[in-house]
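Notes for the structure review
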Amino acid sequence: MQRCVQPLQSTTRIAKRAGDDVADLLNLSNVTVRFGGLTALKDISLALPQGSALGLLGPNGAGKTTLFNVIAGAVRPTEGRVVFDGRDITAASSSARSGGGIARTFQITQPFTSLTVRENVMVALTAAGMAMRGAFSAAVEYVGFVGLRAKIDESAASLSTGQRKRLELARALATRPKLLLLDEVTGGVDRPSIPGLVETIRQLHAERDLTLVVVEHHMDFLKALVDRAMFLDRGAHVLSGSFAEVAADPRVRDIYLGDPLELEAADA
Ligand SMILES: Nc1ncnc2c1ncn2[C@@H]1O[C@H](COP(=O)(O)OP(=O)(O)OP(=O)(O)O)[C@@H](O)[C@H]1O
């Protein structure tokens, strides 16, 4: 495990735990994304071992969502390669990646509001190949795991923002992912509900050996979820290392300044 903050342009290796020798689940090699004249990602390399948890940090426009899109298949890199679970998936579609074990949640949730909570999860289960009858009962496990058991037969339209985030998590889990990309999972969630949501994700990571990549504005919640972090700015890899090392860097502190509680938490 590399202990020091890594220099620009190196491959970021995200160790699971010190001394672990774990195969990489995801490898990005020299990924560049251009949208016309704008370079959203510049020569990003990343190696993510099975079971690790990485936080992506950076100011608005840094390229965090674009990196998620590259991993999930919504954006094709202009240059570079993406390898997942030993296979080159650079040209694979989003649905092929979903079937192969990559799931994501979105900053803005997208449930089927005309369906119930159970039916929303059933859609994900059947898309992953389960028969309708099996999906009806299997949905209970996923809905229960995210704490929505009492709402299982209610319309998704009736859910609060926090409950919708939980439903989205259940739908992502129903695809049985190896890698879960979480985009601002606490965004729009009422503050008292956040610790429970974070604890649910933490358990998933610990108990199911789920590999996580997390974009999260709140440093204290991010700290609870990830062990390593990577800081991007204007599409470039600026630094990466342990969460504590990255959070302590003045460039990161400048960006996330404004909530003293968050910085205290990062310091702790
Ligand atoms: N489809 C697109 N077409 C053109 N430009 C895009 C597209 N998607 C992203 N960009 C641009 O790429 C850059 C990186 O955007 P991205 O959304 O990845 O940043 P981000 O770090 O996720 O920002 P935020 O924290 O505001 O969500 C920005 O300048 C953005 O305007």
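About the cut-offs
- Residues numbered from 1 in each chain as written.
- Predicted model: local features only at pLDDT ≥ 70, side-chain atom pairs only at ≥ 80, totals over all residues.
- Helix = DSSP H or I, 4+ residues; strand = E, 2+ residues; numbered from the N terminus.
- Buried ≥ 20, exposed ≤ 12 C-beta atoms within 10 Å, placed from the backbone.
- Contact = placed C-beta atoms within 7 Å.
- Domains from an automatic or database assignment.
- Near = placed C-beta within 6 Å.
- Nonpolar A, V, L, I, M, F, W, Y, C, P; charged D, E, K, R; others polar.
- Expected span 1.5 Å × (residues − 1).
- Arc of directions from axis to C-beta.

As named in an unreviewed UniProt entry, the chain is ABC transporter ATP-binding protein, taken from Paracoccus suum.

Description of the overall build of the chain
Of regular secondary structure, the chain possesses ten helices and eleven strands. Expressed as a percentage of its 268 residues, the buried residues of the chain come to 42%. Of all intrachain contacts in the chain linking residues separated by at least 6 positions in sequence, the fraction that spans at least 24 positions is 66%.

Observations concerning the domain arrangement of the chain
When the parts of a complex come together, some accessible area is lost, and that lost area is often used as the size of the interface. Assigned domains of the chain: these are domain 1 (24-101 + 179-193 + 212-258) and domain 2 (108-176). Between the C-alpha centres of domain 1 and domain 2 there is a distance of 25 Å. At the interface, seven residues of domain 1 touch five residues of domain 2.

Thoughts on the site of the ligand
The local shell around the ligand consists of F35, L38, A40, G58, N60, G61, A62, G63, K64, T65 and T66. A per-element tally of the shell around the ligand places helix α1 (residues 64-72) first, with three residues. Grouping the amino acids of the shell around the ligand by side-chain chemistry returns four nonpolar, six polar and one charged.

A few points about helix α6 (residues 194-208)
When the terminal C-alpha atoms of α6 are compared, their 21 Å separation across 15 residues agrees well with the 21 Å that a helix rising 1.5 Å per residue should span. Within α6 the residues assigned to the buried category are L197, V198, I201 and L204. Buried residues of α6, viewed axially, fall in a sector of 115 degrees; they line one side. Exposed and facing more than 90 degrees away from the buried side of α6 are Q203, A206 and E207. As for α6, its buried residues are in contact with α5 (161-174), β8 (179-183) and α7 (219-225). D209 sits one or two residues past α6 and shows a positive phi near 55 degrees.

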